[in-house]
Amino acid sequence: MQALSSSTSIEEEIVTLIPALRSFAFRFVRSSSDADDLVQEAIFRALGHLDHFRPGSCMKSWLFTIMRNAYCSAYRRRIRESCGGLDDAVTYDVPVLAGQDWALRAVDVDAALRRLSAGERKAILLVANGISYEDAAVACRCKVGTIKSRVSRGRLHLAEMLGDADPVAAISIN
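Residues numbered from 1 in each chain as written. Predicted model: local features only at pLDDT ≥ 70, side-chain atom pairs only at ≥ 80, totals over all residues. Heavy atoms only, no water.

**Examining the overall build of the chain**
Right, on to step 1. A tally of regular secondary structure across the chain gives 10 helices and 0 strands.
Right, on to step 2. In the chain, the succession of helices and strands from N to C terminus is α-α-α-α-α-α-α-α-α-α.
Right, on to step 3. Taken over 174 residues, the chain has a buried fraction of 24%.
Right, on to step 4. Taking as baseline every contact in the chain between residues at least 6 positions apart, the subset at least 24 positions apart corresponds to 53%. (Helix = DSSP H or I, 4+ residues; strand = E, 2+ residues; numbered from the N terminus. Buried < 20%, exposed > 50% of the residue type's maximum accessible area, 1.4 Å probe, protein only. Contact = heavy atoms within 4.5 Å.)

Given below as structure tokens:
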């Protein structure tokens, strides 16, 4: 009967230390739900190993050590575990094309630009480099409307040469 009352008093002491455990848990995690989970894991481990607690030692320190060890074990486990198998990766779409695809596309665009008329090519390159239509018109010694027409026709021709599905979208300025 003495062991039962001793165990009960230890359990009561653990309950009184829950606020301190919760505060200590925030040193490891940032969300309150993760802190609650960590406190629960520490208490679960402590109650399962009450026979390892030495009477007369500091219960708070013992519980803090259990919590720290529980966090470290979970952290190491997360690092070791992968997020998914290799078979799972096959089912995902690649959000960005591989670099070699972009390089090949650049070669195609360069070849298509060379097939444009000199006026269209110069107008597109000037505007694509961030020069305003007005400044491009001065550089080409023509009117602003002419530059806009050359850029529009050049975009349409580029889209056709590159096989874009919607060449009309290529001429729209966004």
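**A word on the pattern of salt bridges**
Right, on to step 1. Summed over all chains, the structure comprises 4 salt bridges.
Right, on to step 2. As a salt-bridge pair, Glu41 and Arg45 come within 2.8 Å of each other at their nearest N and O atoms. Of this pair, Glu41 and Arg45 are both found in helix α3 (residues 32–48), 4 residues apart, which corresponds to roughly one turn of the helix.
Right, on to step 3. The class for Glu41 is partly exposed, based on a relative accessible area of 30%.
Right, on to step 4. In this structure Arg45 comes out as partly exposed when scored by relative accessible area, which is 24%. (Salt bridge = Lys/Arg side-chain N within 4 Å of Asp/Glu carboxyl O.)

**Thoughts on a positive patch on the surface**
Right, on to step 1. Judged by side-chain charge, Arg76, Arg77, Arg78 and Arg80 come together as a positively charged surface patch.
Right, on to step 2. Topologically, Arg77 is positioned in helix α4 (residues 59–80).
Right, on to step 3. On the accessibility criterion, Arg77 (36% relative accessible area) is partly exposed. (Patch = residues over 30% accessible without salt bridge, like charges linked within 9 Å, V, L, I, M, F, W, Y side chains within 5 Å. Areas by Shrake-Rupley, 256 points an atom, 1.4 Å probe, with all protein chains shown as cover. Lys, Arg positive; Asp, Glu negative; His and termini not counted. Charge placed at Lys NZ, Arg CZ, Asp CG, Glu CD.)

**Comments concerning the environment of Arg115**
Right, on to step 1. For Arg115, the location among the structural elements is in helix α6 (residues 99–115).
Right, on to step 2. Sequence spacing of Arg115 and Leu158 is 43 residues, and the spatial spacing of their C-alpha atoms is 8.9 Å.

**Considerations on the packing of α3 against α4**
Relative placement of two packed helices is described by the angle separating their axes and the distance separating the axes.
Right, on to step 1. Where α3 contacts α4, the axes come no closer than 9 Å and their chain directions differ by 115 degrees. α3 and α4 meet at a crossing whose hand is right-handed. On the side of α3, the interface is formed by Leu38, Val39, Glu41, Ala42, Arg45 and Ala46, while α4 contributes Trp62, Leu63, Ile66, Met67, Asn69, Ala70, Tyr71, Ser73 and Arg77.
Right, on to step 2. Across the contact of α3 with α4, the residue classes break down as 10 nonpolar, 2 polar and 3 charged. (Axes fitted to C-alpha atoms, helices over the stretch in contact; angles between N-to-C directions. Left-handed = near helix turned anticlockwise from the far one by under 90°. Nonpolar A, V, L, I, M, F, W, Y, C, P; charged D, E, K, R; others polar.)

**What to know about the layout of surface pockets**
Right, on to step 1. The calculated volume of the largest pocket comes to roughly 170 Å³.
Right, on to step 2. Around the largest pocket sit Val29, Asp34, Asp37, Leu38, Glu41, Arg45, Ala70, Tyr71, Ala74, Arg77 and Arg78, which together line it.
Right, on to step 3. Listed by contribution, the elements that provide at least two residues to the lining of the largest pocket are α3 and α4.
Right, on to step 4. Tallied by class, the residues present in the lining of the largest pocket amount to 5 nonpolar, no polar and 6 charged. (1 Å grid on protein atoms, 1.4 Å probe; cavity = no way out; pocket = protein on both sides within 12 Å on 5 of 7 lines; lining within 4 Å. Points joined across faces, edges and corners; volume = space filled by probe spheres on them.)

**What about the confidence of the model for the chain?**
Right, on to step 1. Summing up the model confidence of the chain, the mean pLDDT is 83 and the portion of residues at 70 or higher is 80%.
Right, on to step 2. Averaged over each element, pLDDT in the chain is lowest for helix α10 (residues 167–171) (55) and highest for helix α2 (residues 18–25) (93). (pLDDT = per-residue confidence, 0-100.)

**Let's talk about the packing of α2 against α4**
Right, on to step 1. Put simply, α2 and α4 touch, their axes get as near as 11 Å, and they point 40 degrees apart. In the crossing of α2 with α4, the sense of the turn from one axis to the other is right-handed. Residues Ala20, Leu21, Phe24 and Ala25 of α2 form the contact with α4, whose own contacting residues are Lys60, Leu63, Phe64 and Met67.

**Things to note about helix α8 (residues 133–140)**
An α-helical segment advances 3.6 residues per turn. Residues three or four places apart therefore align on the same side.
Right, on to step 1. Buried residues of α8: Tyr133, Ala136, Ala137 and Cys140, and no others. Buried residues of α8, viewed axially, fall in a sector of 105 degrees; they line one side.
Right, on to step 2. Packing partners of the buried residues in α8 comprise α7 (118–128) and α9 (144–162).
Right, on to step 3. Trailing α8 by a residue or two, Arg141 shows a phi angle of about 55 degrees, which is positive. (Arc of directions from axis to C-beta.)

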